[in-house]
Amino acid sequence: MPTTYSIQDIQSLFADHVTTAEKIKKSSAKERIKKLESIVEYIKNPKNENRLMEAMQVDLGRHTVEVLISEIGVIINVVKYIKRNLKGWMQDERVSTSLSLLGASSYILKEPKGSALIIAPWNYPFQLAIVPLCYAIAAGNTAVIKPSEYSSATSAFITQMINDLFDPKEINVVEGAVEETQMLLKQPWNHIYFTGSPAVGKIIMTAAAQHLSSVTLELGGKSPCIIDSSIKMSSVAKKLVWGKYLNNGQTCIAPDYALVPNSEKPKLIAELQKQVKSQLDPNGNGAQNNDDYGHIISDRHHKRCVELLTDALDKGATLITGGDYNTESRYFSPTILDNVTDEMKIMQEEIFGPILPIVAYDNKEEVKSIIASKPKPLALYIQSKNQKSINYFLENTTAGGTVINDFMIHYANPHLPFGGVNNSGIGKSHGYYGFQEFTNERSVMRQRFGATALLHPPFSKRTEKLARILGNWLS
Ligand code: NAD
């Protein structure tokens, strides 16, 4: 494919994928697994792994360990899980048939949706493109990936990998930005899997509506962390600093802001300061000189973080830790803010950077109303040892997912559906749920000796009597 695209290029790419989708829809679990294994083999090859590490260094300044855990490791584990389960997922699923339909049998046929478009963001630019691809392949689809223009080094790696491994008529990459995405969105995809911001999610859903393409929208938003007084602040601080500053806070399920009882706030702040130092500046040379601590993806996003900080400070927030940045290297120090208010932009939009606002509260009802005043979060964290209090927060909030007494680990459990709710997302992924997003669960009923003919017209008193019996008693 060319590196610049015309609408004709995209149309012909789409037509090729439709043709291939028809050919591969009956592919066996073994054939699909072979494709998945080729991806794993490719990224395990030390030469390719090195190239990926270099790309991640350019895009996000990420440490090898972080890339191994949150990019490569995630994909390897997803493929392992799919391999263990795919045969079972693909099998027809027998279901019972209601008594009123006696004589018929029913099952669910798992057929591929067809041709899928996968649009990925820049924050975990490799795995957020490749994990959906693994589920698309597992379900028997063709796929076109549109990686993010901001993580261009990783996007180039993805293109090379897909070109090396697959027939472009089956799996392909279209690099580019808004213009290319809009051309892709003009095609009648059978499924669009989008990971990104709620604002762009709305554009994707509007475009999908033109063809009634189904969508998975993995979005973001403000994910709160509720802390109560039953838990040790030292243990919360340790995990919170890890969860917040991983990948410079550029994680969709990073805790966005912390809610802490007024009485515990000084203790939490002291423990957070200790942890920022010990985890992110262990040699005392500043986090900017720590190889483990990366940088912000682009000048645009760096500027956005600076603006969030400046706006908060101008409106009266107190700087507890950090607040330094370097425009050239896109460094932004691990920052903690106290005395934030709803008038500040930092409490209105997803931060997606290394700034942690602390919000103090006096009672649980206050927590409930702060969270309810914002769109439904992708993740909500509860740090508490008190079961009654945990129950209260679960019952009085909603979120795509919740972790109690840790952060982000729900992402790693393929038995749990992963995704948001309304503003934070539509549809779920991971494990079977990932396979399901790319699958049409087709209902099949087979009639053998059913008595439905007794209900055909012309209607009589007898038909009416039978209709009453069937309607009232048998279901
Ligand atoms: P984004 O919405 O700006 O971009 C995502 C993709 O959409 C990119 O490929 C981009 O090229 C494309 N795009 C951007 N503007 C477009 C337009 N006008 N028309 C068509 N396509 C367009 O998101 P981002 O900045 O790359 O990523 C950050 C956001 O993604 C955050 O909100 C974060 O929470 C969210 N996110 C969610 C998950 C999840 O699993 N739920 C994971 C990672 C990131």
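Since the structure is predicted, the reported quantities are computational estimates derived from the model, not experimental observations.

So, how was this worked out
Residues numbered from 1 in each chain as written. Predicted model: local features only at pLDDT ≥ 70, side-chain atom pairs only at ≥ 80, totals over all residues. Heavy atoms only, no water. Pairing = 2+ DSSP bridges. Helix = DSSP H or I, 4+ residues; strand = E, 2+ residues; numbered from the N terminus. Contact = heavy atoms within 4.5 Å. Axes fitted to C-alpha atoms, helices over the stretch in contact; angles between N-to-C directions. Buried < 20%, exposed > 50% of the residue type's maximum accessible area, 1.4 Å probe, protein only. Right-handed = clockwise from strand over helix to strand, strands pointing away. Near = heavy atom within 4 Å. Polar contact = N/O pair within 3.5 Å; in protein donor to acceptor, adjacent residues only side chain to side chain. Areas by Shrake-Rupley, 256 points an atom, 1.4 Å probe, with all protein chains shown as cover. Domains from an automatic or database assignment. Buried area = accessible area lost by both parts, 1.4 Å probe. Salt bridge = Lys/Arg side-chain N within 4 Å of Asp/Glu carboxyl O. Parallel < 35°, antiparallel > 145°, perpendicular 65-115°, else oblique. Left-handed = near helix turned anticlockwise from the far one by under 90°. Nonpolar A, V, L, I, M, F, W, Y, C, P; charged D, E, K, R; others polar. Disulfide = S-S within 2.5 Å.

1. Considering the sheet that holds strand 4 (residues 142–146)
In step 1: With mixed pairing, the six strands of this open sheet are ordered in space as 5-4-3-6-7-17. Strand pairing shows two members of the sheet lacking a second neighbour, strand 5 (171–173) and strand 17 (425–426), which therefore form its edges.
In step 2: Two elements, strand 7 (residues 214–218) and strand 17, share two bridges in a ladder whose sense is antiparallel. Looking at the pairing, Leu217 lines up with Ile426 of strand 17.
In step 3: The strands that helix 1 (residues 7–24) touches are strand 3 (115–119), strand 4 and strand 5; relative to strand 4, the one it contacts most, it runs at about 145°.
In step 4: Across the face of the sheet, helix 5 (residues 127–138) comes into contact with strand 3, strand 4, strand 5 and strand 6 (191–195) while running at roughly 170° to strand 4.

2. Looking at the pairing of strand 4
In step 1: Burial within strand 4 is extensive, with five of its five residues counted as buried.
In step 2: By the alternation rule, side chains of strand 4 split into Thr142, Val144 and Lys146 and Ala143 and Ile145, which are all buried.
In step 3: Relative to strand 4, strand 3 runs parallel, the two sharing five bridges. Along strand 4, the bridge assignment pairs Leu117 with Val144.
In step 4: Taken together, strand 3, helix 5 and strand 4 constitute a β-α-β crossover, and its handedness is right-handed.
In step 5: In terms of strand pairing, strand 4 meets strand 5 through three bridges, oriented parallel. The partner of Ile145 across the bridge, within strand 5, is Val173.
In step 6: Assessed by its sense of winding, the connection that carries the chain from strand 4 through helix 6 (residues 152–165) to strand 5 is right-handed.

3. Some thoughts on the site of the ligand
In step 1: Taken together, 28 residues surround the ligand, and among them Lys146, Glu149, Ser197, Leu219 and Glu350 come closest.
In step 2: Between Lys146 and the ligand, the recorded distance is 2.7 Å, taken from a side-chain N or O atom to an oxygen atom.
In step 3: At 3.5 Å, a backbone N or O of Glu218 approaches a nitrogen atom of the ligand.
In step 4: A total of 850 Å² of accessible area belongs to the ligand in isolation, and the protein chains cover 91% of it.
In step 5: If you list the elements that add at least two residues to the shell around the ligand, you get helix 7 (178–185), strand 6 and helix 8 (198–211).

4. A word on the domain arrangement of the protein
In step 1: When the domains of the protein are assigned, the result is domain 1 (7–219 + 426–441) and domain 2 (224–418).
In step 2: Just the C-alpha atoms count here: the centres of domain 1 and domain 2 sit 30 Å apart.
In step 3: Counting from both sides, the interface comprises 26 residues of domain 1 and, opposite them, 23 residues of domain 2.
In step 4: Buried area between domain 1 and domain 2, summed over both chains or domains, comes out near 2,200 Å², and the portion from carbon and sulfur atoms is 54%.
In step 5: The largest per-residue losses of area from domain 1 upon contact with domain 2 belong to Trp122, Tyr150 and His430, which jointly make up 28% of the total buried on that side.
In step 6: Our enumeration of links across domain 1 and domain 2 arrives at zero salt bridges.
In step 7: Of all elements in the fold, only helix 3 (46–60), helix 4 (64–90), helix 5 and helix 14 (431–437) reach the threshold of two or more residues within the side of domain 1 that touches domain 2.
In step 8: Counting residues per element, the side of domain 1 that touches domain 2 draws most heavily on helix 3, which supplies four residues.

5. Comments concerning the environment of Gly316
In step 1: Within the fold, Gly316 resides in the loop between helix 11 (299–314) and strand 10 (318–321).
In step 2: Classification of Gly316 by relative accessible area gives partly exposed; the value is 46%.
In step 3: For the pair Gly316 and Val340, spaced 24 residues apart in sequence, the C-alpha separation works out to 7.4 Å.

6. Digging into the packing of helix 9 (residues 233–245) against helix 10 (residues 265–280)
In step 1: Relative to each other, helix 9 and helix 10 sit at 50°, their axes nearing to 8 Å. It follows from the interaxial angle that helix 9 and helix 10 lie oblique. Seen from above, helix 9 lies across helix 10 with right-handed handedness. Residues Met233, Ser234, Val236, Ala237, Lys238, Leu240, Val241, Trp242 and Tyr245 of helix 9 touch helix 10, and the partners they reach there are Lys267, Leu268, Glu271, Leu272, Gln275, Val276, Gln279 and Leu280.
In step 2: Looking at side-chain class alone, the contact of helix 9 with helix 10 contains 11 nonpolar, three polar and three charged residues.

7. Remarks on the environment of Asp362
In step 1: Among the structural elements, Asp362 can be located in the loop between strand 14 (355–361) and helix 12 (364–372).
In step 2: A C-alpha to C-alpha distance of 8.6 Å links Asp362 and Val260, two positions 102 residues apart in sequence.
In step 3: Among the polar contacts listed, one links the side chain of Asp362 to the side chain of Asn262, at a separation of 3.0 Å.

8. Regarding the state of the cysteines
In step 1: The final tally for this structure, using the stated rule, is zero disulfides.
In step 2: With no disulfide partner, Cys225 has as its closest neighbouring cysteine sulfur the one in Cys252, 16 Å distant.
In step 3: Given the relative accessible area of 0%, Cys225 is considered buried.
In step 4: With no disulfide partner, Cys252 has as its closest neighbouring cysteine sulfur the one in Cys305, 16 Å distant.

9. Let's talk about the pattern of salt bridges
It is possible for side chains bearing opposite charge to pair when their charged atoms get close.
In step 1: For the structure shown, the criterion picks out 18 salt bridges.
In step 2: Residue Lys25 pairs with Glu22 through a salt bridge whose shortest N-O separation is 3.3 Å.
In step 3: Across the salt bridge formed by Lys374 and Asp342, the nearest N and O atoms sit 3.4 Å from each other. Of this pair, Lys374 sits in the loop between helix 12 and strand 15 (379–383) while Asp342 is found in the loop between strand 13 (335–338) and strand 14, placing the two residues 32 residues apart along the sequence.
In step 4: Several salt bridges share partner residues, and in doing so they unite Arg62, Glu66 and Glu71 into one network.

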